[in-house]
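Structure assessment
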Amino acid sequence: MTDVSDGVLHTLFRSEQGGHEQVVLCQDRASGLKAVIALHSTALGPALGGTRFYPYATEEEAVADALNLARGMSYKNAMAGLDHGGGKAVIIGDPATDKTEELLLAYGRFVASLGGRYVTACDVGTYVADMDVVARECRWTTGRSPENGGAGDSSILTAFGVYQGMRASAQHLWGDPSLRGRRIGVAGVGKVGHHLVDHLRKEGAEVVITDVREDAVRRVLDRHPQGVTAVADTEALIRTEGLDVYAPCALGGALNDDSVPALTAAVVCGAANNQLAHPGVEKDLADRGILYAPDYVVNAGGVIQVADELHGFDFDRCRAKAAKIFDTTLAIFARAKSDGIPPAAAADRIAEQRMAEARASR
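These remarks concern the structure in this document.

Definitions and cut-offs
Residues numbered from 1 in each chain as written. Predicted model: local features only at pLDDT ≥ 70, side-chain atom pairs only at ≥ 80, totals over all residues. Heavy atoms only, no water. Pairing = 2+ DSSP bridges. Helix = DSSP H or I, 4+ residues; strand = E, 2+ residues; numbered from the N terminus. Axes fitted to C-alpha atoms, helices over the stretch in contact; angles between N-to-C directions. Contact = heavy atoms within 4.5 Å. Polar contact = N/O pair within 3.5 Å; in protein donor to acceptor, adjacent residues only side chain to side chain. Parallel < 35°, antiparallel > 145°, perpendicular 65-115°, else oblique. Left-handed = near helix turned anticlockwise from the far one by under 90°. Buried < 20%, exposed > 50% of the residue type's maximum accessible area, 1.4 Å probe, protein only.

**Notes on the sheet that holds strand β4 (residues 85-92)**
- Read across the sheet, five strands follow the order β1-β2-β4-β3-β5 without closing on themselves; strand pairing throughout is mixed. If you trace the sheet from one side to the other, it starts and ends with β1 (22-28) and β5 (118-122), each paired once. Averaged over all pairs of adjacent strands, the angle between their axes in this sheet comes to 20°, without regard to strand direction.
- In the sheet, strand β2 (residues 33-41) pairs with β4 via six bridges, with the strands oriented antiparallel. Paired with Ala35 across the bridge in β4 is Ile91.
- In the packing of helix α3 (residues 59-79) onto the sheet, contacts are made with β1, β2, β3 (47-54) and β4, and the angle to β4 comes to roughly 155°.

**A few points about the sheet that holds strand β6 (residues 183-187)**
- The strand order across the open sheet built from six strands is β8-β7-β6-β9-β10-β11, with neighbouring strands paired in parallel fashion. Of all strands in the sheet, those with a lone pairing partner are β8 (228-230) and β11 (291-292), marking the two edges.
- Most of the contacts of helix α8 (residues 193-203) go to β6, to which it runs at about 170°, and overall it touches β6, β7 (206-210), β8 and β9 (245-248).
- The strands touched by helix α9 (residues 214-223) within the sheet are β7 and β8, with β8 carrying the most contacts at an inclination of about 155°.

**Some details on the side chain of Ser169**
- As for its position among the elements, Ser169 is in helix α7 (residues 155-174).
- Of note is the side chain of Ser169, whose polar atom sits 2.9 Å from the backbone oxygen of Gly165.

**A look at the packing of α7 against helix α16 (residues 325-339)**
- Orientation of α7 relative to α16, taken along the N-to-C sense of each, is 40°, at an axis distance of 8 Å. Classified by the interaxial angle, the pair formed by α7 and α16 is oblique. Seen along the crossing, α7 lies across α16 with a hand that is right-handed. Here α7 contributes Gly161, Gln164, Gly165, Arg167, Ala168, Ser169, Gln171 and His172 to the contact with α16, which in turn contributes Ile325, Phe326, Thr329, Leu330 and Phe333.

**A short note on the side chain of Ser155**
- Within the secondary structure layout, Ser155 lies in helix α7.
- Judged by its relative accessible area of 4%, Ser155 is buried.
- For Ser155, the side chain forms a polar contact with the side chain of Asp153, separated by 2.6 Å.
- Among the polar contacts made by the side chain of Ser155, one reaches the main-chain carbonyl oxygen of Lys191 at a distance of 3.1 Å.
- What Ser155 contacts, discounting residues up to four positions off in sequence, is Lys191, Val192 and His195.

Take a look at the structure:
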């Protein structure tokens with residue numbers, strides 16, 4: 001218990017990164033389920049956020065990740081203009097070997113026990129088919145297949161939103177939203193990243209990619225035989241000469257004390273959640289003159305989609321909302337400039353103001 005008390009409980013109750021309303025530890029021994037559901041805020045409405053299925057090294061690491069991800073969802077949903085608070089769930093295990101129908105059904109029962117305070121969806125390691133299973137036990141499930149009343153794959157609009165954030169970054173920095181001729185590095189070409197490459201190539205950008213999975217890289221190279229090249233790993237990508245934009249699209253913590261000094265790109269704008277490894281990294285980016293488009297702002301296309309599914313999904317309506325990420329990103333850059341702070345801090349201020357106003361109006 002010492003590690004938990006000194007680490008996770010300190011974060012939950014005594015740090016600025018805490019303040020969560022509720023954290024639920026879930027276990028179903030029959031199916032092998034071990035999960036954490038974290039609700040950061042319901043000020044704007046029921047907490048909404050995905051379910052991550054990941055082989056965490058320790059239970060403490062899983063809880064810490066759930067706390068961080070849930071907090072990020074509060075800010076993301078607020079900046080996206082949604083009437084939802086922030087929540088997140090993590091399932092401990094390897095989805096390739098541990099995921100079973102029984103486990104997902106057990107997880108659905110735990111989500112249902114919260115009575116609608118938390119609405120779940122897909123995340124790393126979970127897919128539309130998994131949400132279809134969870135929904136059999138829990139009506140507060142989104143990200144389902146069209147055949148089961150859902151909207152399907154949310155990564156399409158996530159990528160579209162990141163693309164809009166990238167265009168806004170180009171407008172702010174270079175005075176033109178066009179990405180034609182720009183050299184853009186995409187780290188992670190999985191569910192979201194490969195859709196992002198499609199947008200970039202359609203506009204005429206040169207793209208450099210990397211992924212830990214060779215099949216993911218091969219899929220993109222086969223789809224785009226011209227204008228896309230691959231490098232061995234993220235370390236090589238961030239050091240690629242002539243890079244205009246770096247797009248982290250895999251797991252969090254991509255911007256840290258090692259990667260930021262090595263970056264060659266003038267802009268960071270990607271789909272990964274929690275890209276800043278720790279507080280202060282946003283200042284390190286600003287000190288180097290690197291424009292950072294806050295991750296939870298630009299990657300909000302997916303949550304816009306899954307939130308819309310709760311009210312009768314309309315793709316064109318969602319795409320129009322996701323397109324507004326362009327204007328939201330520009331507004332954040334303007335606020336950062338006027339307040340003399342990094343864009344990440346400006347986004348936080350705007351999101352916190354919306355949540356505070358909602359709490360005050362109760």
